[in-house]
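Coordinate analysis (summary)
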Amino acid sequence: MNKIYLWGIIITAAMLGFTYVSVIGSKGGFNGDIVNMLAVAGAIALVIITVFVVIKYVRQMQVDTADGELADESWDDIGEYKNPIPMGWAIIFLATLVWAMWYFTMGYPVNSYSQIGEYNEDTAAHNAKFEKEYASITGDRLIEMGESVFLAECKVCHGIAADGIDGKAANLNQRIAAKSVKHVIENGSNNMLMGSENPMPDRNGLFNMNTGALITDAEIDAVSAYVANGMNGAGGDVFASTCASCHGETGMGMEYVAPNIASFDTALVTNVLNHGMKGAIGVMPAIDRLNAKQKEAVGAYITSLSK
Amino acid sequence: MFHWLEKNPFAFALGVFITIAFAGLVEIIPNFVQSARPLVGTKPYSTLELAGRQIYIKNSCNACHSQMIRPFKSETDRYGHYSLSGEYAYDRPFLWGSKRTGPDLMRVGNYRTTDWHENHMKDPAGVVPGSIMPPYGWLYDNMTDIDTAYAEQLTVESVFAVPYTFNKDKGTDKAQLIPMRDGSTSIVLIGDNIADARSLALEEAKLIVADMKDENIKEAVANGQIPEIVAIIAYMNSLK
């Protein structure tokens, strides 16, 4: 018997012995568990196979002689046989080709990560959560939401107290300032407030029905003070005869005709947020990236300020 | 056929590099060119806007303000739609910025107005309580350098084929030959010469000051001068 087989048997016996001592001979042993027995059987098989495969290749190196046909190429005088492709290698190679085709057409395009895709999923999840938790809130919770939106989006111009920061923007604690009423009467208004082109004429189109003449400077001042004062005081007669036909006798406005100028309401605020506005103070941009509920909430908050 | 190559390690390495580099370029360049095309609605800067942009850079506004809205819900809620690469087609250089001490300004023209900027640049903390932005008072005193903006326009027009239409071609058939690269029919005019560029910028400035309150600024523009605040507001309003 070749010495190498002898050494193989010795090493195998030693490893199996070590396995026996460390598993079966230890406290608990197999523990009557089939899994333990299978594991030990596997270990034994591994040891035997490993040892004898190694022996096979070592023997091959010892006794094999070169035969077969050499390839034409010869680099640095190291030749190479023309061997057939090993079957296992060929299978893996072809399988890789198939996988590559799948990955190119399906795997990558369908499953790949996209930042915009993640953004879209995130937005959809957020909107669903918003819909579930906030779509139906009313009352004080709506006003609270409005305040938080106001502090995020509106305070930059209207100020934390919504006072318009010394006339830099509209003071939202009152419905309208006399200066703004005067500006609208003198210049007309076409700020899409009712959602469509529905202009209010300028002073050249505003008739006082009592006098049958165009509105005068004195009447403008009077009615501006009257509206700014919350529909109180002198000037009520001018309002009734000039403005009431569109804005209503109490100034509450009419749907699709004229906005409410007596007090804030949600429809009015939503329209301003959608279309922006240009008035005596300056230009307000449209803040239309708020969703419908947030606009409603801002309307509720602003309405609550002037009560 | 390639045995000579296999015998020359340097030539072989070079060949491998060229092959892989070429494959990379074929993958990257078409995608890059496609996404760098101007989006519909992206227009080159007018003379006054470009002068404002130069003032923006001169005052290092881009050190604190980015111009890049990232695709996160919190960002798009605050600033609007996330930025797309085609929107920077006419930005030379781009002003993306990597640090936000102040807010992003990529779409500030959508939600701030001329009169707000006018108040804000004078006294930022007076408009936005707690703001740490310093006042930029000199913008109200310094006059805008229209000539340099015009020089930049001429340069990008001839070197990068930015679609500007010369004032003299307005209304002629030649104007139709220089449409926006985004396929829209809008036209951005530049002056035929410096004097023409100045008068175009002044016309634009008059539209801006109509919404401003500062009497000194109104008077300067009426006298044919353009304070820097007007140009930078024109630039801010163009950011949409």
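Residues numbered from 1 in each chain as written. Chains lettered and ligands numbered in written order. Predicted model: local features only at pLDDT ≥ 70, side-chain atom pairs only at ≥ 80, totals over all residues. Heavy atoms only, no water.

1. Examining the overall build of chain B
Secondary structure summary: chain B contains 11 helices and two strands in total. Along the chain direction, N to C, the helices and strands of chain B fall in the order α-α-α-α-α-α-α-β-α-β-α-α-α. Against the 2.2 N^0.38 benchmark of 18 Å for 240 residues, chain B shows a C-alpha radius of gyration of 23 Å, more extended than a compact globule. Projecting the C-alpha coordinates of chain B onto the three principal axes gives extents of approximately 85 × 50 × 30 Å. Counting the 240 residues in chain B, one finds 44% classified as buried. The contacts in chain B between residues at least 6 apart in sequence include a share of 71% that link residues at least 24 apart. Accessible surface, chain B as shown: approximately 12,800 Å² in total, 62% of it carbon and sulfur. (Helix = DSSP H or I, 4+ residues; strand = E, 2+ residues; numbered from the N terminus. Rg over C-alpha atoms; globule rule 2.2 N^0.38 Å. Buried < 20%, exposed > 50% of the residue type's maximum accessible area, 1.4 Å probe, protein only. Contact = heavy atoms within 4.5 Å. Areas by Shrake-Rupley, 256 points an atom, 1.4 Å probe, with all protein chains shown as cover.)

2. Regarding the UniProt feature "domain: Cytochrome c" (unreviewed entry) in chain A
Mapped onto this numbering, the UniProt entry annotates "domain: Cytochrome c" (unreviewed entry) at residues 141-231 and 230-306 of chain A. Taken end to end, residues 230-306 of chain A is 47% helix and 5% strand, and its first and last C-alpha atoms sit 10 Å apart. (UniProt positions renumbered as here; feature names shortened; annotations may be inferred.)

3. Remarks on the interface of chain B and chain A
Quoted interface sizes are often the accessible area lost when the parts come together. In this assembly, 24 residues from chain B lie in contact with 25 residues from chain A. Carbon and sulfur atoms supply 58% of the area buried between chain B and chain A, which totals about 2,000 Å² over both sides. Taken together, the connections running from chain B to chain A amount to one salt bridge. For A:Lys278, the salt bridge identified is with B:Asp211, shortest N-O distance 3.3 Å. Run the count over chain B and chain A and you get seven residue pairs in polar contact (both at pLDDT 80 or more). Within the residue set of the side of chain B that touches chain A, elements represented by two or more residues are helix H1 (3-6), helix H4 (73-79), helix H5 (114-122) and helix H6 (124-127) of chain B. Of the residues assigned to the side of chain B that touches chain A, the class counts are nine nonpolar, seven polar and eight charged. (Buried area = accessible area lost by both parts, 1.4 Å probe. Salt bridge = Lys/Arg side-chain N within 4 Å of Asp/Glu carboxyl O. Polar contact = N/O pair within 3.5 Å; in protein donor to acceptor, adjacent residues only side chain to side chain. Nonpolar A, V, L, I, M, F, W, Y, C, P; charged D, E, K, R; others polar.)

4. Details of the UniProt feature "transmembrane region" (unreviewed entry) in chain A
Listed under "transmembrane region" (unreviewed entry) in the UniProt record, and renumbered for this structure, are residues 6-25, 37-58 and 85-104 of chain A. Annotation note: span residues 6-25 of chain A, helix share 95%, strand share 0%, distance between end C-alpha atoms 26 Å.

5. Brief notes about a nonpolar patch on the surface
All names here are of chain A. Taken together, the side chains of Ile 85, Trp 89, Phe 93, Leu 94, Leu 97 and Met 101 make up a nonpolar region of the molecular surface, amounting to roughly 670 Å² of accessible area. You can see Ile 85 is positioned in the loop between helix H2 (34-63) and helix H3 (87-111). Under the relative-accessibility criterion, Ile 85 is labelled exposed at 59%. (Patch = residues over 30% accessible without salt bridge, like charges linked within 9 Å, V, L, I, M, F, W, Y side chains within 5 Å.)

6. Considering the packing of helix H9 (residues 194-209) of chain B against helix H10 (residues 215-222) of chain B
Residues and elements named next belong to chain B. For the pair H9 and H10, interaxial distance at closest approach is 10 Å and the crossing angle is 155°. Between H9 and H10, the interaxial angle falls into the category roughly antiparallel. The two elements H9 and H10 cross, and the hand of that crossing is left-handed. Contacts between H9 and H10 involve Leu 202, Ala 205, Lys 206 and Val 209 from the former and Ile 217, Lys 218 and Val 221 from the latter. In the contact of H9 with H10, the residues fall into five nonpolar, no polar and two charged. (Axes fitted to C-alpha atoms, helices over the stretch in contact; angles between N-to-C directions. Parallel < 35°, antiparallel > 145°, perpendicular 65-115°, else oblique. Left-handed = near helix turned anticlockwise from the far one by under 90°.)

7. Some remarks on the pattern of salt bridges
Residues and elements named next belong to chain A. For the structure on display, the rule yields 16 salt bridges over all chains. A salt bridge links Glu 69 to Lys 82, with the nearest nitrogen and oxygen atoms 3.8 Å apart. In this pair, Glu 69 sits in the loop between H2 and H3 while Lys 82 sits in the loop between H2 and H3, placing the two residues 13 residues apart along the sequence. Residue class for Lys 82 comes out partly exposed when judged on its relative accessible area of 49%. With a closest N to O distance of 3.7 Å, Lys 293 and Glu 296 form a salt bridge. With Lys 293 and Glu 296 both in helix H11 (residues 292-305) and three residues apart, the pair spans about one turn of that helix. Residue Glu 296 is classed as partly exposed on the basis of its relative accessible area of 29%.

8. Some details on the UniProt feature "domain: Cytochrome c" (unreviewed entry) in chain B
The UniProt feature table records "domain: Cytochrome c" (unreviewed entry) at residues 47-155 of chain B. Secondary structure within residues 47-155 of chain B divides into 39% helix and 0% strand; the distance between the first and last C-alpha atoms comes to 13 Å.

9. With respect to the state of the cysteines
Residues and elements named next belong to chain A. Under the definition given, this model contains zero disulfides over all chains. Of all cysteine sulfurs, the one in Cys 246 lies closest to Cys 243, which takes part in no disulfide; the gap is 9.0 Å. Residue Cys 243 is classed as buried on the basis of its relative accessible area of 16%. Residue classification places Cys 246 among the partly exposed residues on the basis of a relative accessible area of 36%. (Disulfide = S-S within 2.5 Å.)

10. So, helix H7 (residues 146-159) of chain B
Residue and element names in this part refer to chain B. Under the 1.5 Å per step criterion, the end-to-end length of H7 is 20 Å for 14 residues, consistent within 8% with the ideal 20 Å. Among the residues of H7, those classed as buried are Ile 146, Ala 149, Tyr 150, Gln 153 and Val 156. One side of H7 holds all its buried residues, which, seen down the axis, span an arc of 130°. Those residues of H7 that are exposed and angled more than 90 degrees off the buried face are Ser 158 and Val 159. Of the surrounding secondary structure, the elements contacted by the buried residues of H7 are helix H3 (47-58), strand E1 (164-166), strand E2 (188-190) and H9. Among the residues of H7, the N-terminal cap falls to Asp 145, whose side-chain oxygen and the backbone nitrogen of Asp 147 are separated by 3.3 Å. (Expected span 1.5 Å × (residues − 1). Arc of directions from axis to C-beta.)

11. A word on empty space enclosed by the protein
Residues and elements named next belong to chain B. Applying the stated criterion across every chain yields a total of one cavity of 30 Å³ or more. Considered as a void within the structure, the largest cavity measures approximately 70 Å³ in volume. If you go around the largest cavity, the residues you meet are Pro 44, Tyr 45, Leu 50, Tyr 90, Arg 92, Glu 152, Val 156, Val 162 and Tyr 164. Looking at the lining of the largest cavity residue by residue, the class counts come to seven nonpolar, no polar and two charged. (1 Å grid on protein atoms, 1.4 Å probe; cavity = no way out; pocket = protein on both sides within 12 Å on 5 of 7 lines; lining within 4 Å. Points joined across faces, edges and corners; volume = space filled by probe spheres on them.)

12. Re the environment of A:Leu142
By secondary structure assignment, the location of A:Leu142 is in helix H5 (residues 139-158). In the structure, A:Leu142 is positioned 157 residues away from A:Gly299 in sequence and 9.3 Å away in space, judged by C-alpha atoms.

13. A closer look at the nonpolar core
Generally speaking, nonpolar side chains in soluble globular proteins are found buried as a group. Among the nonpolar cores identified, the biggest contains 69 residues, and B:Leu48, B:Ile229 and B:Val230 are the most heavily contacted of them. Top contributing element to this core by residue count: helix H11 (residues 228-238) of chain B, with eight residues. Counting residues in each nonpolar core, the second largest holds 15 residues, with A:Tyr226, A:Val227, A:Met231 and A:Val238 among its members. (Core = buried A, V, L, I, M, F, W, Y, C linked by side-chain atoms within 4.5 Å.)

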